[in-house]
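# Inside the fold
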Amino acid sequence: MALAGRTAAWWALLRSPGPAAAPLLLWAGLPAAGGRCYSSHGKEKLDMSTYPVESIRNFSIIAHVDHGKSTLADRLLEITGTISKTDRNKQVLDKLQVERERGITVKAQSASLFYNHEGTNYLLNLIDTPGHVDFSYEVSRSLSACQGVILVVDANEGIQAQTVANFYLAFEAQLSIIPVINKIDLKNADPERVEKQIEKLFDIPTDECIRISAKQGTNVEKVLQKVIEKIPPPQCNTADPLKALVFDSTFDHYRGVVANVALFGGEIAKGNKIVSAYTKKRYEVSEVGILTPNEQPTHKLYAGQVGYLIAGMKEVTEAQIGDTLFLYKQPVEPLPGFKSAKPMVFAGMYPVDQTEYNNLKSALERLTLNDSSVTVHRDSSLALGAGWRLGFLGLLHMEVFNQRLEQEYNMSVILTAPTVPYKAVLSSAKLIKEYGKDEITIINPAQFPDKLSVSEYLEPTVLGTIVTPHEYIGKIIALCQGRRAVQKDMLYIDENRVMLKYLFPLNEIVLDFYDALKSLSSGYASFDYEDAGYQAADLIKMDILLNGNPVEELSTIIHNDKAHAAGKLLCERLKEAIPRQLFEIAIQAAVGKKIIARETLKAYRKNVVAKCYGGDITRRMKLLKRQAESKKLMRKIGNVEVPRDAFIRVLKRETDK
Amino acid sequence: QSLCPQWPYCRKRCSYCNFNTYVVPAVDEAAVRDCLVREARTLLRLSQVHRWVHEGLMAGYGAHQCPLATPHPLPHSITSVFFGGGTPSLASPRTIAAVLDAVAGAAHLPARAEVTLEANPSSTDTSRLTGFRAAGVNRLSIGVQVRGALPPQPCSPLRPHGHPLPPQSLDDAELRLLGREHTAAEAREAVEAARGLFPGRTSIDLMFGLPGQSRDAWAQGLEAALGLCDDHISLYQLTLERGTALAAQVRGGTLPSPPQDLLADMYQTARAVLVAAGFRHYEISNFARKGALSNHNLSYWRADQYIGVGPGAHGRFVPQGEGSCSREARVQTLEPVAWMREVQSQGHGTRSRVVLSPLEQLEELLTLGLRTDEGVTHERWGQFSPQLSLQAVFGVPGEARALQEQGWLLLDGSGLRCTWAGLAVLDSLLPDLLCQLQRH
């Protein structure tokens, strides 16, 4: 029942137009509304042996955000009959509410498509990838299960920063690349220009590009044919021993871990005993199948195929992404695996009310099961109580995670100012002894060691790629210089588009660089970045004080040159975010004992409703009681009362105005 | 116990008003009068214990009735009547008389009971006022308005060099801004006529914080009002209520909204000026000299019982007539035609009645009582909360003590009250006090 219920739930989610508003569990147990509903009960299992390696193609679609990746995936699913054709197929593979609301893909998904081409039945495994720079590690992970990619470029916008980054990921993985120019139905489409850009930057002949409109379905069949013709089948053999790469995993409340696997050799079926090369633990396979994109059980999976398996793994950590699975007593050489995702942004997370600690803990545990890229460390603070320090891939990732906590688990939390992982080279013998090493990573401003015990501070850097129409170059260069960036490269990709490369300190781009770039280029410039190691930096810790008491949420590590401006800005914004009170409030930014900025919030001299007779009192009492209630939820710093959302609002707003 | 009959009609809607008022071409006054009379009788009967209860006729209604601890003086005394609205001075003296007769018939209305009529300067010529006095009205509250908003007109009698202003400086431009239908001259005449007929018992309303009003203009207006007024002044800061014409203009940017600090200055200026002129600042918005306090409103701020009669009227009383001993919050049907239909069919137009919990009653007592200079006395508190004293709730460590230390509140032998400074920021004190109260 549970299994059928869950599948029905997914079906319902897939079929619901617009954002899926209901949490998954709400649907569990409801009968499916008819139509295609796969379940492991009572349904004929597919025989996958009819798809030998030669008729299999494993591929991804890669693209800059909004260039039409998910729409193309929808069309491919429709053409191959994987999903029925309706107007409501919008981002079918984006299953999370937050993905549909924001129009971004956060989590890679896969789907197996069946397609007859020139009399041969082909099995095409499409692995969808996220489109935002924060999630690029997911892209490289997905590519490891593929032999080729469809590189989608918008016919209007042309090559963008992420197009470049994704191209190189695919190129370095030696995958076949099928360039596709999408949105040719748009009024300002200029496919010729885009073809030339592709030729210049990627060295792909112009005649290899396929011009399509995924929205209208134009030439989409051609893409499928090219996939079959150009992408080689996987190089592997069913006769070999089992060798399965775990390239993703999800957690299911009823069945435990569902691992997405690509078979590089052998075959696998229910009842097989398998071993994880990473943990050496042994499991018995209880179900295998393919994703269409719902889970559809099969008798077996064979070499070259992509699907899922369930084998009694209770925790996501048991299905380590990049792990290799093999048959018990038939060990194989493990596949290379992946670097684990590296958190770029850290923030403290605390329950609004300490009595909510355990609920938040369990919500975090469940959410990180399906998002293993979030790192979680327990943390506590005098002011905020017990909580955690979380590491995210970027600010969007942090927002998405927070939004999922709210939407899927109904949790509201206090988030502290995000910080990047700084390092300090220690000079104090005492500290070196305490830490057991002379270089430490600082992910919490509260742990920032004093200058006196440090020989050097280090900050993380990234190599950023910006693609922009040339008229914005002046402004963009000024923006980058303001962010302490060093130019590394500048290249015209056609007559009016430029690609810039800059080395940035990570903390300068993490909060709002992307927004600033978008707003000064009217949305035309695009941005992507990759890790570029550490560099020495003159760092200090800046505190924000309210009437002399530090606000822990707002402590930040910052470059010395930026402290004055940042401190002033924070004080000004806090002045707007904190309501007037009965006493004057000094809002100060301080480095050590030195005050570097100050704003004063004046006291109320009068705050009373003038007229209060007969009719007013009921309404008046309601208002007063609401105020009394909200007082209980206020964060108290000294005797200053601050609304819970004030700090987040202060941190969120754009700085480059 | 007091009674507040509502006359819901106005001749014109003021630009700042969001009260339950109606502007209709013709009022069927006889019908409205009959309904006011009938509802007053019904509710008065409901609010008091009748002789026959004691005689045991209701014994069959069971033991759930509250014990009658003290024998009530029967029938109840109505200590004050306040005709509000709307514009009750638009009603004829005959209607006022009919309601007062009904009160006297259903309850005891002592000769010294305070009977106030809210009046509008354009409907208060001497002959009407004489009529109201003959009907039983003995106190008048007049809504005038003083100069201050908008720059002085070229013909304005404003004199340079700080010469004292002539008393006719009630300002027509300002009255137009507020949508009042009377002129400054009419307002002046009305106050003078009222003082002649109700000496020592005429109150005027003043408003400050009008869009565009300057500090100096307000101070001058205040001086002018002092030259005109009797012994009671109500002082209101204009609040921009949602849905009013004035609020829409301010939101739309055609009128400026006065800054908070300026409003604070105006309020403090007025307090200082009025106190210097011998007035007692006895409630946040009310000033009186020679003991001319509004007894009706004072009993409201002391959380005494009051009965609302008429469309949209609010009341707070214990319907002892039906054997209850719980204080209720009551609201009469808003819309006059619907209200009349209900009164005609069932004797009253009570639209909602909610029993107030002991905590809610204390919350109201605190919210209202702290508006006055006497605050909430131990005695008054004890009537609502015989078990838990004022001292036990607010004399212990907590918000109230912190507010005392900061100089906003006082808790002493007479009770809990605001300091001079605290009175001006009461709305910032109340949420804290309610939090502390709720913990008990």
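Model, not experiment: these values are computed from the prediction.

This paragraph deals with the overall build of chain B. A count of helical and extended segments in chain B gives 17 helices and 15 strands. Within the span of chain B, comprising 440 residues, buried residues form 57% of the whole. For chain B, contacts bridging at least 24 residues in sequence account for 71% of all contacts bridging at least 6.

What follows covers the pairing of strand β5 (residues 202-208) of chain B. All names here are of chain B. Among the seven residues of β5, seven are classified as buried, and the element is accordingly described as predominantly covered. Neither face of β5 is exposed, since T202, I204, L206 and F208 on one face and S203, D205 and M207 on the opposite face are all buried. Inspection of the sheet shows strand β4 (residues 139-143) paired to β5 by four bridges, in the parallel sense. What sits directly across from L140, in β5, is T202.

All names here are of chain B. At a minimum axis separation of 9 Å, helix α1 (residues 29-47) and helix α3 (residues 93-106) run at an interaxial angle of 20°. Here α3 runs roughly parallel to α1, going by the angle between their axes. As for how α1 packs across α3, the hand of that crossing is right-handed. Of the residues in α3, those touching α1 at E29, R33, L36, V37, R41 and L44 are R94, T95, A98, V99, A102, V103 and A106. Among the residues making up the contact of α1 with α3, the classes are represented as eight nonpolar, one polar and four charged.

A few words on the packing of aromatic side chains. Following the criterion strictly, the structure yields 19 aromatic pairs over all chains and no others. A network of ring pairs unites the aromatic residues Y502(A), F504(A), F513(A), F527(A) and Y529(A) as a single cluster. The cationic tip of R282(A) hangs over the ring face of Y328(A); the distance from NZ or CZ to the ring centre is 4.1 Å. The residue whose ring lies beneath R271(B) is W420(B), and the NZ or CZ to ring-centre distance is 3.5 Å.

All names here are of chain A. If you walk across this open sheet you meet the eight strands as β11-β10-β16-β7-β8-β15-β12-β13, and the pairing is antiparallel. Strand pairing shows two members of the sheet lacking a second neighbour, β11 (282-284) and β13 (295-297), which therefore form its edges. Looking at each pair of strands side by side, their axes are set apart by 40° on average, direction ignored. Bridge count between strand β10 (residues 273-276) and β11: three bridges; the pairing is antiparallel. Looking at β11, one finds that K273 is bridged to E284.

Let us look at the sheet that holds strand β18 (residues 375-381) of chain A. All names here are of chain A. Taken together, the four strands give an open sheet; going across it, the order is β18-β19-β17-β20, and neighbouring strands pair in antiparallel fashion. Strand pairing shows two members of the sheet lacking a second neighbour, β18 and β20 (413-415), which therefore form its edges. Adjacent strand axes in the sheet meet at a mean angle of 30°, parallel and antiparallel pairs treated alike. Contacts from helix α9 (residues 357-369) reach β17 (345-351), β18, β19 (385-392) and β20, with the element oriented near 15° to β19.

Bringing the nonpolar core into the picture now. In terms of nonpolar packing, the biggest core is built from 94 residues, with L140(B), L366(B), L370(B), W381(B), F394(B) and L429(B) touching the most fellow members. Per element, the largest residue contribution to this core is nine residues, and it comes from α1(B). The residues contacting W381(B), other than those within four sequence positions of it, are L362(B), L365(B), L366(B), V376(B), L388(B), S389(B), L390(B), V393(B), F394(B) and L437(B). Within the second largest apolar cluster, 56 residues are counted, among which are L360(A), V462(A), I466(A) and L520(A).

Of the residues lining the interface, 28 residues belong to chain A; the matching set on chain B comes to 44 residues. For the pair chain A and chain B, the number of links is seven salt bridges. Between chain A and chain B we count 13 residue pairs in polar contact (both at pLDDT 80 or more) in total. Element by element, the count of residues in the side of chain A that touches chain B is highest for helix α16 (residues 617-632) of chain A, at 12 residues. Here the residues of the side of chain A that touches chain B sort into 11 nonpolar, five polar and 12 charged.

It is worth spelling out the pattern of salt bridges at this point. Under the criterion given, the structure shown has 48 salt bridges over all chains. Of the charged contacts, one joins E439(A) and K423(A) as a salt bridge, the two residues approaching to 3.6 Å between their closest N and O atoms. Here E439(A), found in strand β22 (residues 439-442), pairs with K423(A), found in strand β21 (residues 422-426); they are 16 residues apart in sequence, far enough to count as distant. A salt bridge links K290(B) to D231(B), with the nearest nitrogen and oxygen atoms 3.7 Å apart. Of this pair, K290(B) sits in the loop between β8 (286-288) and α10 (295-301) while D231(B) is found in the loop between α7 (215-228) and β6 (232-237), placing the two residues 59 residues apart along the sequence. When salt bridges with common partners are traced through the structure, they connect E459(A), R484(A), E508(A) and K562(A) into a single cluster.

Attention shifts here to helix α12 (residues 358-369) of chain B. For α12(B), built from 12 residues, the straight-helix expectation of 16 Å at 1.5 Å per residue is met to within 8% by its first-to-last C-alpha distance of 16 Å. Along α12(B), the residues that are buried comprise Q361(B), L362(B), E363(B), E364(B), L365(B), L366(B), T367(B), L368(B) and G369(B).

The next thing to look at is the side chain of R330(B). All names here are of chain B. Summarising the element assignment, R330 is placed in strand β11 (residues 328-332). Residue R330 is classed as buried on the basis of its relative accessible area, which comes to 2%. Separated by 3.5 Å, the side chains of R330 and T350 make a polar contact. Dropping the residues within four chain positions of it, R330 is found in contact with L43, L46, A313, H314, G315, R316, F317, P319, T350, S352 and R353.

All names here are of chain A. Phi at Q174 takes a positive value of approximately 55°, unusual for a residue other than glycine. Judged by relative accessible area, Q174 falls into the exposed class, the value being 72%. The phi dihedral of K280 falls on the positive side, at around 65°, and the residue is not glycine. Summarising the element assignment, K280 is placed in the loop between β10 and β11.

Where α16(A) contacts α12(B), the axes come no closer than 11 Å and their chain directions differ by 95°. Taken as axis vectors, α16(A) and α12(B) run roughly perpendicular relative to one another. Of the residues in α12(B), those touching α16(A) at I617(A), M621(A), L624(A) and K625(A) are E360(B), E363(B), E364(B), T367(B) and L368(B). Along the lines of polarity and charge, the residues of the contact of α16(A) with α12(B) split into four nonpolar, one polar and four charged.

All names here are of chain A. Across the 11 residues that make up helix α3 (residues 69-79), a large majority, nine, are buried. If you check which residues of α3 are buried, you get K69, S70, L72, A73, D74, R75, L76, L77 and E78. Next to the buried residues of α3 lie β1 (56-63), β2 (109-117), β3 (120-128), β4 (148-154) and α8 (220-230). The first or second residue beyond α3 is G81, which carries a positive phi of 75°.

Rules used throughout
- Residues numbered from 1 in each chain as written.
- Chains lettered and ligands numbered in written order.
- Predicted model: local features only at pLDDT ≥ 70, side-chain atom pairs only at ≥ 80, totals over all residues.
- Heavy atoms only, no water.
- Helix = DSSP H or I, 4+ residues; strand = E, 2+ residues; numbered from the N terminus.
- Buried < 20%, exposed > 50% of the residue type's maximum accessible area, 1.4 Å probe, protein only.
- Contact = heavy atoms within 4.5 Å.
- Pairing = 2+ DSSP bridges.
- Axes fitted to C-alpha atoms, helices over the stretch in contact; angles between N-to-C directions.
- Parallel < 35°, antiparallel > 145°, perpendicular 65-115°, else oblique.
- Left-handed = near helix turned anticlockwise from the far one by under 90°.
- Nonpolar A, V, L, I, M, F, W, Y, C, P; charged D, E, K, R; others polar.
- Phe/Tyr/Trp six-rings, centres within 6.5 Å; stacked < 30°, edge-to-face > 60°.
- Lys NZ or Arg CZ within 6 Å of the ring centre and 35° of its normal.
- Core = buried A, V, L, I, M, F, W, Y, C linked by side-chain atoms within 4.5 Å.
- Salt bridge = Lys/Arg side-chain N within 4 Å of Asp/Glu carboxyl O.
- Polar contact = N/O pair within 3.5 Å; in protein donor to acceptor, adjacent residues only side chain to side chain.
- Expected span 1.5 Å × (residues − 1).

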